[in-house]
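What follows is each chain in one-letter form.
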Amino acid sequence: MWRATRPGESGESRRGPFKSAVPSNVVSPVRRCSRTACGRPAVATLTYVYADSTAVLGPLATYAEPHCYDLCSEHSERLTAPRGWEVVRLATDNGPVRPSGDDLEALANAVREAARPQPRRSGAREIDPLEVARRGHLRVLRSPES
């Protein structure tokens, strides 16, 4: 027979002999739209800035936050704000980001530059004419006016 337990009692939870009301195989690792009865995958995150009377709709946030709402593409397109509020729509990227040719070329140039041998300096280091003294990585510089 089921009986209510008091907080702090060992054994059963407040819900009775069951550990959880929802079986773990029902929970999906994919974030879903926050709208009731919508099971589509979320693509955007809605946040309200109450001080500015603004609703901000942007790309899907990295983590699900308690005061943000994840929306699918259909609900994010149809979003309206209350009267007197402004909707700010940040650029959302609906497709996977692929590196462009420019990105790959910049990466190759950076690797080439890093692999290039650095010219060896003689034992004496170059001294800045404004440098008065040095202590570790700190330098004392003379004023350019004097």
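No experiment lies behind these values; they were computed from the predicted model shown. (Residues numbered from 1 in each chain as written. Predicted model: local features only at pLDDT ≥ 70, side-chain atom pairs only at ≥ 80, totals over all residues. Heavy atoms only, no water.)

Caption draft 1: Main features of the nonpolar core. Grouped together as the largest cluster of nonpolar side chains are nine residues: Cys33, Cys38, Ala44, Leu46, Ala55, Leu57, Leu71, Cys72 and Leu79. Among the secondary structure elements, those contributing two or more residues to this core are strand S1 (44-49) and strand S2 (54-59). Apart from the residues lying within four places of it in its own chain, the contact partners of Ala44 are Leu57, Gly58, Pro59, Leu60, Tyr69, Asp70, Leu71 and Ser76. (Core = buried A, V, L, I, M, F, W, Y, C linked by side-chain atoms within 4.5 Å. Buried < 20%, exposed > 50% of the residue type's maximum accessible area, 1.4 Å probe, protein only. Helix = DSSP H or I, 4+ residues; strand = E, 2+ residues; numbered from the N terminus. Contact = heavy atoms within 4.5 Å.)

Caption draft 2: Fine view of the sheet that holds strand S4 (residues 86-89). In spatial order, the strands read S3-S1-S2-S4; together these four strands make up an open sheet with mixed pairing. Bordering the open sheet on either side are strand S3 (68-71) and S4, each of which pairs with just one other strand. Geometrically, the sheet is characterised by an average inter-axis angle of 25° between neighbouring strands, direction not taken into account. Here S2 pairs with S4 via four bridges, running parallel. Counterpart to Val56 in the pairing with S4 is Val88. (Pairing = 2+ DSSP bridges. Axes fitted to C-alpha atoms, helices over the stretch in contact; angles between N-to-C directions.)

Caption draft 3: Summary view of the pairing of strand S5 (residues 131-135). In terms of strand pairing, S5 meets strand S6 (residues 138-141) through four bridges, oriented antiparallel. Following the sheet pairing, Arg134 is matched in S6 by Arg139. Linkage of S5 to S6, two consecutive antiparallel strands, is achieved through a turn of two residues, within which Gly136 is found at a positive phi near 65°.

Caption draft 4: Structural view of unusual backbone geometry. Even without being a glycine, Ala37 presents a positive backbone phi close to 65°. Relative to the assigned elements, Ala37 resides in the segment before S1. On the accessibility criterion, Ala37 (85% relative accessible area) is exposed. Its identity is not glycine, yet Ser53 carries a phi of approximately 50°, on the positive side. Following the sequence through the fold, Ser53 ends up in the loop between S1 and S2.

Caption draft 5: Fine view of the pairing of S1. Across six bridges, S1 lies against S2 in antiparallel orientation. Across the sheet, the residue bridging to Tyr48 is Ala55, located in S2. Connecting the antiparallel pair S1 and S2 is a turn made up of four residues, with Ser53 showing a positive phi of about 50°. As paired strands, S1 and S3 are joined by four bridges and run antiparallel to one another. Across the sheet, the residue bridging to Thr47 is Cys68, located in S3.

Caption draft 6: Molecular detail of the packing of aromatic side chains. According to the stated counting rule, one finds four aromatic pairs in the structure shown. Taking 6.0 Å as the distance between ring centres and 35° as the angle between the ring planes, the aromatic pair formed by Tyr48 and Tyr50 counts as tilted. Exposure remark for Tyr50: the relative accessible area of 61% places this residue in the exposed category. Note on Tyr48 and Tyr69: the rings are 6.2 Å apart at their centroids and 65° apart in plane angle, and the pair reads as edge-to-face. Taken together, the residues Tyr48 in strand S1 and Tyr69 in strand S3 connect sequence positions 21 residues apart. In this structure Tyr48 comes out as partly exposed when scored by relative accessible area, which is 28%. Put simply, the rings of Tyr48, Tyr50, Tyr69 and Trp85 pair up and form one aromatic cluster. (Phe/Tyr/Trp six-rings, centres within 6.5 Å; stacked < 30°, edge-to-face > 60°.)

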